[in-house]
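So the chains spell out like this:
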Amino acid sequence: MELGPYILLASLEGAVTAAVLALTAVGLSLVFGVMRVVNIAHGEFFMLGAVIAWFVAQTVGGHPALGFVAALVIAPLVVGAIAAAADMTILKRIDYDPERTIVAMIGLLYIIQQLTLMTYGPEARPVEAPFNQRLALPWFEWGEEGFEFYFPWGLSTTTYKLAVIGAAAVVLIGVWLMMARTRIGLLMRATQADRDMALAFGIPVERVYALVFGIGAALAALAAVLIVPIQQAHYLMGADPLLLSFIVVIIGGLGSLPGTVVAAIFIGLSDGIISVFFSPTLAKILATLLVGLVLVFRPQGLFGTRAS
């Protein structure tokens, strides 16, 4: 098989990574943009979403689609509620002080991780996909008779992976519409622009913060539910999403949702292609080097604005 079909296959795998990464990173970017909080525990909210999805799928039983749909609804709601409660009971009490917030989030990270280990165990457990038909992918070439399509052996993907890409796109559009066209989004943007002015105009800033923190965690949990039929739920699975989300948010611009999505697509596709042709470790190394270059030459990120 020629090089082109391999690149197509690697790009599709990278697109799945990009879709899940975009959801996770947008949640992190939303929290930082509105609250100016660096959520170190964001990866554990991702992990918690995957573990809850496994619990829900096992409890519901029956056809895999029933448990999966239930997990899509329950896991983000539960994780979002936990995050909102953490905001009201921890972050609010330390007045969102940057240093104390980071320490508190590190503590929350270990609490969630160890409680999950005690209840869920150390095993990695899969969640069955609601559908997973394999689709052969076409390729093209210029033959003796001109432009021709054919189906190379081994060039295929699954319907579920395509559904993950589509679902992530729909959710991201929904987040954009919420921020741009709804009253809740207006309150978030007003709080982001000037917290003191928002308080002066009677905006319940503390409630907005709790809502934003919950939505950010819920997006991470939703991303985990989407990816857990491809990967497996494990109590240590939050480290990579957290690292990649920080990389994406820094490259795209802190608090910039469009920049976060663009950076997630770039990092996801490059990760898929480099991982297939070279190694996943090299992909992470290059992404980290890219972050270093961005911090040196454009500290505000590709889509961020320089602080005045």
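Residues numbered from 1 in each chain as written. Predicted model: local features only at pLDDT ≥ 70, side-chain atom pairs only at ≥ 80, totals over all residues. Heavy atoms only, no water.

Further remarks concern helix α6 (residues 183–193). Taken residue by residue, α6 has Gly185, Leu187, Met188 and Thr191 as its buried positions. The arc that holds the buried residues of α6, viewed along the axis, is 160°, so those residues lie on one side. Away from its buried face by more than 90 degrees, α6 exposes Arg183 and Ala193. Next to the buried residues of α6 lie α1 (3–35), α5 (159–181), α7 (195–200) and α8 (205–227). (Buried < 20%, exposed > 50% of the residue type's maximum accessible area, 1.4 Å probe, protein only. Helix = DSSP H or I, 4+ residues; strand = E, 2+ residues; numbered from the N terminus. Arc of directions from axis to C-beta. Contact = heavy atoms within 4.5 Å.)

This brings us to the packing of helix α2 (residues 42–60) against α8. When two helices pack together, their arrangement is given by the angle between their axes and by how far apart the axes lie. At a closest axis distance of 7 Å, the pairing of α2 and α8 adopts a crossing angle of 50°. Overall, the two elements α2 and α8 adopt an arrangement that is oblique. Remark: the crossing between α2 and α8 carries right-handed chirality. Residue-level contacts link His42, Phe45, Phe46, Gly49, Ala50 and Ala53 of α2 to Phe213, Gly216, Ala217, Ala220, Ala221, Ala223, Ala224, Val225 and Ile227 of α8. Here the residues of the contact of α2 with α8 are counted per class, giving twelve nonpolar, three polar and no charged. (Axes fitted to C-alpha atoms, helices over the stretch in contact; angles between N-to-C directions. Parallel < 35°, antiparallel > 145°, perpendicular 65-115°, else oblique. Left-handed = near helix turned anticlockwise from the far one by under 90°. Nonpolar A, V, L, I, M, F, W, Y, C, P; charged D, E, K, R; others polar.)

Turning our eyes to something else, we now look at the packing of α5 against α8. With their axes 10 Å apart at the nearest point, α5 and α8 run at an angle of 165° to one another. In terms of axis orientation, α5 runs roughly antiparallel to α8. Once α5 is placed against α8, the crossing between them reads as right-handed. Residues Tyr160, Val164, Ala167, Val171, Val175 and Met178 of α5 lie in contact with α8, whose contacting residues are Ile215, Leu219, Leu222, Val225 and Leu226. Tallied by class, residues from the contact of α5 with α8 come to eleven nonpolar, no polar and no charged.

Within the structure shown, the criterion is met by five salt bridges. A salt bridge links aspartate 97 to arginine 100, with the nearest nitrogen and oxygen atoms 3.7 Å apart. Notably, a salt bridge pairs arginine 125 with glutamate 123, separated by 3.0 Å at the nearest N-O pair. (Salt bridge = Lys/Arg side-chain N within 4 Å of Asp/Glu carboxyl O.)

These figures come from the coordinates and say nothing about function on their own.
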